[in-house]
Amino acid sequence: MPAVPAAVAAPSRFADVPVLLVAAVWGSSYLAAKGVTTADTVLAVLVLRFAVVLPVLVAVGLRRLRALSGPQWRGGGLLGLILAGIFLLETYGVVHTSATNAGLIISLTMVFTPLAESRVRRVRLPGAFLAAAGLSVLGVLLLTQGAGFTAPSAGDLLMLAAAVARTAHVLVMARTESVRGADALSLTTVQLGGAVAVFALLCAVLPGAGASPWAAARAFDAGDWAGLLYLSVCCTLFAFFVQMWAVRRTSPSRVSLLLGTEPVWAAVVGIALAGDRPGWAGLAGALLVLAGTAWGRATADRERGAVAGAGADPEQGPVPVPPVADGRSQDPTPGAQATRTPARHTSDTSGTPGR
């Protein structure tokens, strides 16, 4: 095989750095959210966070938004409702557990999604993947024990529910015909707009919803605003546009592999900066989660490669592939499906918002 010219290879290596930075930013997002949010300000913070993002997304993609069809708008709105539930579960969960636990538990989405999709498609998963999934679940059980064996905290359970909700979001997106082929930026904008509408409505009508966005904003100090802008600008806008940029300069699988390091960064940030002390059981659990999710991802990648090489059965579709930790598939752009099985059989999750 001829050597790849340096001019071609260099862009891929260059693209690794910002993508890895996105993984680190996402890993730190749990600590940032924990620092700026309390149990009484969850809804207010969510409204403020995405109200900062939306005008930028609308301004950048206004022409493409106008090109969306009615069914695409409705499909994006439905996905936005699910996304609202995910962010509510995640944010309330972060408030009530450690940043380390939050980042590691949510990574279970990477094993939940192929398991759920295999049930839907009636496709048998390889034994190695099932073993990896079991390893990850065992790791979470140990992780949530902290220094001693106790019941998981409410925050741990909320993060587990968020991982299940992210799995549902991936599956619904893959099977919502109306959003197939929709521009990723436009679909992201519609989803976030729908989620913000849900948060604002809950703030207005839900008894005991906590502080209003305006009251929370007035009470913020400089540190709170810095944390909020970090979540808005870095964890959402920066992350989304870097992925769109990187996937055109390197392979989607390479992007996915780098983004898959997010739980590692979450553990590093939680332990180093937040002072999380998971204890020996928790540390063992963290290692099992990381090993299990990495093993599961590698196993699914090998299976997908084997299916692609042998020719996939169009009646079954490809072997389910785990999404990256924010819920995107390993092919973040519709164009990445060009060499795969027909689009109706693939889990195209392009346009899924980031952290």
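Quick note: structure is the one above.
Please read these numbers as outputs of a predicted model, since none were measured by experiment.

Visitor: Before we go on, may I ask you to explain the overall build of the chain in this structure?
Guide: Along the backbone of the chain there are 14 helices and 0 strands. Helices (α) and strands (β) of the chain occur, in sequence order from the N terminus, as α-α-α-α-α-α-α-α-α-α-α-α-α-α. Pairs at least 24 apart in sequence give 87% of the contacts found in the chain among residues at least 6 apart. In the structure as shown, the chain presents an accessible area of about 14,900 Å², 69% of it carried by carbon and sulfur atoms.

Visitor: What exactly am I supposed to notice about unusual backbone geometry here?
Guide: Phi is positive for Arg122, which is not a glycine, with a value near 60°. Topologically, Arg122 is positioned in the loop between α6 (109-121) and α7 (127-143).

Visitor: Quick question: what am I supposed to make of a nonpolar patch on the surface here?
Guide: Nonpolar side chains collect at one region of the surface, where Leu20, Val264, Trp265 and Val268 lie side by side and expose about 290 Å² of accessible area between them. Here Val268 lies in helix α13 (residues 262-272).

Visitor: Just checking my understanding: could you explain α7 for this structure?
Guide: A turn of α-helix holds 3.6 residues, and therefore any two residues three or four places apart point the same way. Its 17 residues place the ends of α7 24 Å apart at the C-alpha level, agreeing with the 24 Å of an ideal helix rising 1.5 Å per residue. Every buried residue belonging to α7 is among Phe129, Ala132, Ala133, Ser136, Gly139, Val140 and Leu143, and all of these are buried. Axial view of α7: buried residues confined to an arc of 120°, hence all on one face.

Visitor: Which parts of the structure should I look at to understand the packing of aromatic side chains?
Guide: Centre distance and the angle of the planes are the two values used to describe a pair of aromatic rings. Evaluated as defined, the whole model comprises 3 aromatic pairs. Here Phe240 and Phe241 contribute two aromatic rings whose centre-to-centre distance is 5.4 Å and whose plane-to-plane angle is 80°, an arrangement assigned as edge-to-face. Accessibility expressed as a relative area gives 30% for Phe241, which makes it partly exposed.

Visitor: I would appreciate a short explanation of the packing of helix α2 (residues 42-60) against helix α4 (residues 70-95) in the present structure.
Guide: Axes are the key here: two packed helices are described by the angle between their axes and the distance separating the axes. Running from N to C, α2 and α4 point in directions that differ by 125°, and their axes come no closer than 10 Å. Taken together, the axes of α2 and α4 lie oblique to each other. Crossing of α2 against α4: the hand is right-handed. On α4, the residues that touch Val42, Leu43, Leu46, Arg49 and Phe50 of α2 are Phe87, Leu88, Thr91, Tyr92 and Val95. Class assignment for the residues of the contact of α2 with α4 results in 8 nonpolar, 1 polar and 1 charged.

Visitor: Would you mind showing me how to read the environment of Ala154 here?
Guide: Mapped onto the fold, Ala154 is located in helix α8 (residues 154-175). Placed 60 residues apart in sequence, Ala154 and Val94 show a C-alpha to C-alpha distance of 9.9 Å.

Thresholds, definitions, all that
- Residues numbered from 1 in each chain as written.
- Predicted model: local features only at pLDDT ≥ 70, side-chain atom pairs only at ≥ 80, totals over all residues.
- Heavy atoms only, no water.
- Helix = DSSP H or I, 4+ residues; strand = E, 2+ residues; numbered from the N terminus.
- Contact = heavy atoms within 4.5 Å.
- Areas by Shrake-Rupley, 256 points an atom, 1.4 Å probe, with all protein chains shown as cover.
- Patch = residues over 30% accessible without salt bridge, like charges linked within 9 Å, V, L, I, M, F, W, Y side chains within 5 Å.
- Salt bridge = Lys/Arg side-chain N within 4 Å of Asp/Glu carboxyl O.
- Expected span 1.5 Å × (residues − 1).
- Buried < 20%, exposed > 50% of the residue type's maximum accessible area, 1.4 Å probe, protein only.
- Arc of directions from axis to C-beta.
- Phe/Tyr/Trp six-rings, centres within 6.5 Å; stacked < 30°, edge-to-face > 60°.
- Axes fitted to C-alpha atoms, helices over the stretch in contact; angles between N-to-C directions.
- Parallel < 35°, antiparallel > 145°, perpendicular 65-115°, else oblique.
- Left-handed = near helix turned anticlockwise from the far one by under 90°.
- Nonpolar A, V, L, I, M, F, W, Y, C, P; charged D, E, K, R; others polar.

All quantities given are derived from atomic positions and should not be read as evidence of function.
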